Number of protein chains: 2
Amino acid sequence: MRPLFHPSIEDVSVEAILHALSDPVRAAIFAQVAGQGCVQGCTTFSRVGERDIPKSSLSQHFKVLRDAGLIHSERHGVEMRNTTRCGEVDARFPGLLAAILNAYADNKACDTPQA
Amino acid sequence: MRPLFHPSIEDVSVEAILHALSDPVRAAIFAQVAGQGCVQGCTTFSRVGERDIPKSSLSQHFKVLRDAGLIHSERHGVEMRNTTRCGEVDARFPGLLAAILNAYADNKACDTPQA
DNA sequence: TTCAACAGTTCTGAAATCCTGAACTATGGG
DNA sequence: CCCATAGTTCAGGATTTCAGAACTGTTGAA
C-alpha cells in the first residue's frame, strides 16, 4: 500500500475537477464530505441513490477525488478520515465548487419532486 | 445525415455539462463560442493551443457540446453557425458556466505567464 | 447538368479508460 | 496468534474516445 498522494494546490487543474465531479456518484460523495466537513470512510457510501457501489469502485472514486485535489484523506487506524480541500480550491478557482454543488442540488430537487 | 439534435433545457444535466467541459479542447471551443456570441464552423478550430485537431474529432466535440445542451448549431448552407445556450443554461444552473469559464481563464493565465 | 471544392458527418478499428470481483495489505481486538 | 474490518491493488471485460477514410449535402463554375 503506497502512501496517499495529494497534489499541491498549484497542480490542481480545472479539467481534473470537472472530470471528477462529472460522475454523479463522485459528486454525491463530494457533496456529502463537503456537507459534513468530515466523513469516516468509504463504506459510508456503499449505497448511493439507487445503486450499490462495490468497495473497489468506491476506493477508485475516492482516489479520483483525491488526485483532483478535491479531498484530503488520512488514515486513522483502520479507517479513513476524508475532508474537503474546498478552502484551497476556492482560493484558486473562486466560486467554482459552490456553483457545481449548487447545480447538483437544484438538479436533485427537480429529479425527485415527490419523493 | 440525420438532423441535429438539441435537448430541451429540462433534459440538460449537470453531469453532462461537467463532462463536456472537462475536456480542454471542448472547453476552449465553448469559451470561444461564448466569447464571440457566434462562431462559424468547426474548421475555425483546426488548431487548439499546440494541437492539431482532426475534423472528425472536432465534429464529435461539437456533438458532445450540443448533446450537453451547451451550444446550438444550425446549418447555414455549407457551414455551421454555432451559438451558446448560456442564457437557458444559466437560468437552470445559475452561475455554473460563469464559474467554469472563469476557472479556465485563471488557469490559462497561470500556465502561460510569459507568453 | 455535371463537376469539383468545401464543410461536416458517419463508420470503423485501435487505444485509452472505467468498472468490479478476487486477492491482497494494514490495523485493532480478543 | 487469529480473525474481523477497512481499504487497496490487480486483472479482465465492457465502455468510451480518438482519428483516418469514406461518405453526404451544399455551393459555385463551366
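Residues numbered from 1 in each chain as written. Chains lettered and ligands numbered in written order. Predicted model: local features only at pLDDT ≥ 70, side-chain atom pairs only at ≥ 80, totals over all residues. Heavy atoms only, no water.

Colleague: Honestly, the overall build of chain A in this entry has me stumped. Any pointers?
Modeller: Assigned secondary structure in chain A consists of 5 helices and 5 strands. For chain A, the succession of helices and strands along the chain, N to C, is α-α-β-β-β-α-β-β-α-α. Once the C-alpha set of chain A is aligned to its principal axes, its extents read approximately 45 × 35 × 20 Å. Taken across its 115 residues, chain A has 38% of its residues classed as buried. Counting every atom, chain A has about 6,400 Å² of accessible surface; 52% of that belongs to carbon and sulfur. Of the charged side chains in chain A, 12 are positive and 13 negative, and the gap between their average positions amounts to 8 Å. (Helix = DSSP H or I, 4+ residues; strand = E, 2+ residues; numbered from the N terminus. Buried < 20%, exposed > 50% of the residue type's maximum accessible area, 1.4 Å probe, protein only. Areas by Shrake-Rupley, 256 points an atom, 1.4 Å probe, with all protein chains shown as cover. Lys, Arg positive; Asp, Glu negative; His and termini not counted. Charge placed at Lys NZ, Arg CZ, Asp CG, Glu CD.)

Colleague: Would you mind showing me how to read the pattern of salt bridges here?
Modeller: Pairing between side chains of opposite charge can happen when their charged atoms approach one another. All names here are of chain B. For the structure shown, the criterion picks out 8 salt bridges over all chains. Here aspartate 52 ties to arginine 47 by a salt bridge, and the two come within 3.3 Å at their closest N and O atoms. Residue classification places arginine 47 among the partly exposed residues on the basis of a relative accessible area of 48%. Measuring nitrogen to oxygen at the nearest pair gives 3.0 Å for the salt bridge that ties lysine 63 to aspartate 67. (Salt bridge = Lys/Arg side-chain N within 4 Å of Asp/Glu carboxyl O.)

Colleague: Whenever I open this one, the interface of chain A and chain B confuses me. Can you help?
Modeller: Reports often express the size of an interface as the amount of accessible area lost when the parts come together. Across the boundary between the two partners, chain A contributes 20 residues, which contact 20 residues of chain B. With both sides pooled, the region where chain A packs onto chain B buries about 1,600 Å², and carbon together with sulfur makes up 67% of that total. For the interface between chain A and chain B, the tally reads 0 salt bridges. The interface formed by chain A and chain B holds 0 residue pairs in polar contact (both at pLDDT 80 or more) in total. Broken down by class, the residue content of the side of chain A that touches chain B amounts to 13 nonpolar, 4 polar and 3 charged. (Contact = heavy atoms within 4.5 Å. Buried area = accessible area lost by both parts, 1.4 Å probe. Polar contact = N/O pair within 3.5 Å; in protein donor to acceptor, adjacent residues only side chain to side chain. Nonpolar A, V, L, I, M, F, W, Y, C, P; charged D, E, K, R; others polar.)

Colleague: Before we go on, may I ask you to explain the relation of the copies chain A and chain B in this structure?
Modeller: Each copy of the chain is related to the other by a rotation around an axis and a translation along that axis. Note on the copies: chain A fits chain B at an RMSD of 0.0 Å, the axial shift is 0.0 Å, and the rotation between them is 180°. The superposition of one copy onto the other is thereby described by a two-fold rotation axis. Looking at the interface residues of chain A, 100% of them are also at the interface in chain B, so both copies use one shared face. (Least-squares fit on C-alpha atoms with pLDDT ≥ 70 in both.)

Colleague: Just to check I follow, could you spell out the protein's contact with DNA strand C for this structure?
Modeller: For DNA strand C, the set of nearby residues contains 25 residues, the closest of which are His19(A), Gly41(B), Thr43(B), Lys55(B) and Ser59(B). Within 4 Å of the protein, the contacting atoms of DNA strand C are drawn from sugar and phosphate to the extent of 61%. Ser56(A) has a polar side-chain atom sitting 3.0 Å from a base nitrogen of DNA strand C. Between a phosphate oxygen of DNA strand C and a side-chain N or O atom of Ser57(A), the distance comes to 3.2 Å. Broken down by secondary-structure element, the contributors of at least two residues to the surface near DNA strand C are helix H3 (55–67) of chain A together with helix H3 (55–67) and strand E5 (79–84) of chain B. The element best represented in the surface near DNA strand C is H3(B), accounting for 5 residues. (Near = heavy atom within 4 Å.)

Colleague: Even after reading the chapter, I still don't get the confidence of the model for chain A, so can you show me in this structure?
Modeller: Low pLDDT marks stretches whose predicted atomic positions should not be read closely. For chain A, the average pLDDT comes to 90, and 93% of its residues sit at 70 or higher. Looking at the elements of chain A, mean pLDDT is at its lowest for strand E1 (residues 38–40) of chain A, recorded as 73, and at its highest for helix H1 (residues 14–21) of chain A, recorded as 98. (pLDDT = per-residue confidence, 0-100.)

Colleague: What is the right way to read helix H1 (residues 14–21) of chain B from this model?
Modeller: Because an α-helix packs 3.6 residues into every turn, residues spaced three or four apart end up facing the same way. Where H1(B) is concerned, the buried positions are Val14(B), Ile17(B), Leu18(B), Ala20(B) and Leu21(B). The buried residues of H1(B) all sit within an arc of 160° when viewed along its axis, so they share a single face. (Arc of directions from axis to C-beta.)

Colleague: Would you mind going over the protein's contact with DNA strand D with me for this structure?
Modeller: Taken together, 24 residues lie near DNA strand D, and Gly41(A), Thr43(A), Lys55(A), Ser59(A) and His19(B) sit nearest. Within 4 Å of the protein, the atoms of DNA strand D are drawn from sugar and phosphate moieties in a proportion of 59%. Interatomic distance of 2.4 Å between a side-chain N/O atom of Ser59(A) and a phosphate oxygen of DNA strand D. Within the contact set of DNA strand D, a sugar or linking oxygen lies 3.2 Å away from a backbone nitrogen or oxygen of Val78(A). Put simply, the parts of the chain that give the surface near DNA strand D at least two residues each are H3 and strand E5 (79–84) of chain A together with H3 of chain B. Class assignment for the residues of the surface near DNA strand D results in 7 nonpolar, 10 polar and 7 charged.

Colleague: I would appreciate a short explanation of the sheet that holds strand E4 (residues 71–76) of chain A in the present structure.
Modeller: Sheet strands pair by backbone hydrogen bonding; their relative direction is either parallel or antiparallel. All names here are of chain A. Taken together, 3 strands build an open sheet; the order of strands is E1-E5-E4 and the sheet is antiparallel. Taken across any chain shown, the strands that pair with only one partner, and hence form the sheet edges, are E1 and E4. Each neighbouring strand pair of the sheet contributes to a mean axis angle of 20°, computed without reference to strand direction. In this sheet, E5 lies alongside E4 in antiparallel orientation, the contact comprising 6 bridges. Bridging from a neighbouring strand, histidine 76 pairs with glutamate 79 of E5. Strand contacts of H3: E4 and E5, with the helix running at about 125° to E4, the strand carrying the most contacts. (Pairing = 2+ DSSP bridges. Axes fitted to C-alpha atoms, helices over the stretch in contact; angles between N-to-C directions.)

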